[in-house]
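Geometric and topological summary
These are the residues of each chain, in order.
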Amino acid sequence: MNEKDIRNWLGIYFLLITVILGGTILLLGESLLRLDDSIGVFEIIIPVLVGQLTIIFRWYTTDYEPNKKSRITLPAWIIKGPPLLVIGLLLITVALKVVGFQYDQPWTPSDEQFKAVVTFCVTILNATTIYVISKYFGAAQK
């Protein structure tokens, strides 16, 4: 991967996950997901994602010349792995919640378990992507 690929991939990822996750929680949190405190879940994850999205968009609005030839020595899994794992965990949790309620199963995640998974996902994203974002979306260098 080069610097431009990393920036584009993370920018698209954080834009999509913020909009999709925020919209799902706000529109379907109480109905489909049957969350008693959908706003509480929203308030856990969205500020963190919006903060990272703000850093990314701020960087793109400055004048910069992307270095297309500069190869990054980080393995691609460090850049793509954590965000994809978080999406997977969130999708599994949502599916278990929806299907579990549909068939009235005892393994349906409770609201507290759902909040814990969302908090865990925020923690994983912060621990694994904040350095990458600060490194590749820091002050534009000319």
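Residues numbered from 1 in each chain as written. Predicted model: local features only at pLDDT ≥ 70, side-chain atom pairs only at ≥ 80, totals over all residues. Heavy atoms only, no water.

**Details of the side chain of threonine 108**
- Structurally, threonine 108 can be placed in the loop between α3 (76–102) and α4 (111–136).
- Contact partners of threonine 108, with chain neighbours within four places excluded, come to Leu96, Lys97, Gly100, Phe101 and Gln113. (Helix = DSSP H or I, 4+ residues; strand = E, 2+ residues; numbered from the N terminus. Contact = heavy atoms within 4.5 Å.)

**Describing unusual backbone geometry**
- Residues other than glycine seldom take positive phi values, yet arginine 34 does so here, at roughly 55°.
- Residue aspartate 104 is not a glycine yet carries a positive backbone phi of 50°.
- Locating aspartate 104 in the fold gives a position in the loop between α3 and α4.

**Quick notes on the packing of aromatic side chains**
- All chains considered together, the criterion is met by five aromatic pairs.
- Plain terms: the ring middles of tyrosine 13 and phenylalanine 14 are 5.0 Å apart, the flat faces sit at 85° to each other, and that makes the pair edge-to-face. Per residue, the accessibility class of tyrosine 13 equals that of phenylalanine 14, and both read buried.
- Judged by centre distance (5.2 Å) and plane angle (80°), the rings of tryptophan 59 and tyrosine 60 are edge-to-face.
- A relative accessible area of 5% means that tryptophan 59 is categorised as buried. (Phe/Tyr/Trp six-rings, centres within 6.5 Å; stacked < 30°, edge-to-face > 60°. Buried < 20%, exposed > 50% of the residue type's maximum accessible area, 1.4 Å probe, protein only.)

**Notes on the pattern of salt bridges**
- Throughout the structure, instances matching the rule amount to three salt bridges.
- One salt bridge in this structure joins arginine 7 and glutamate 3, with 3.4 Å as the shortest N-O distance. On the criterion of helical spacing, the pair formed by arginine 7 and glutamate 3 is a turn pair, its members being four residues apart in helix α1 (residues 3–28).
- Residue glutamate 3 is classed as buried on the basis of its relative accessible area, which comes to 19%. (Salt bridge = Lys/Arg side-chain N within 4 Å of Asp/Glu carboxyl O.)

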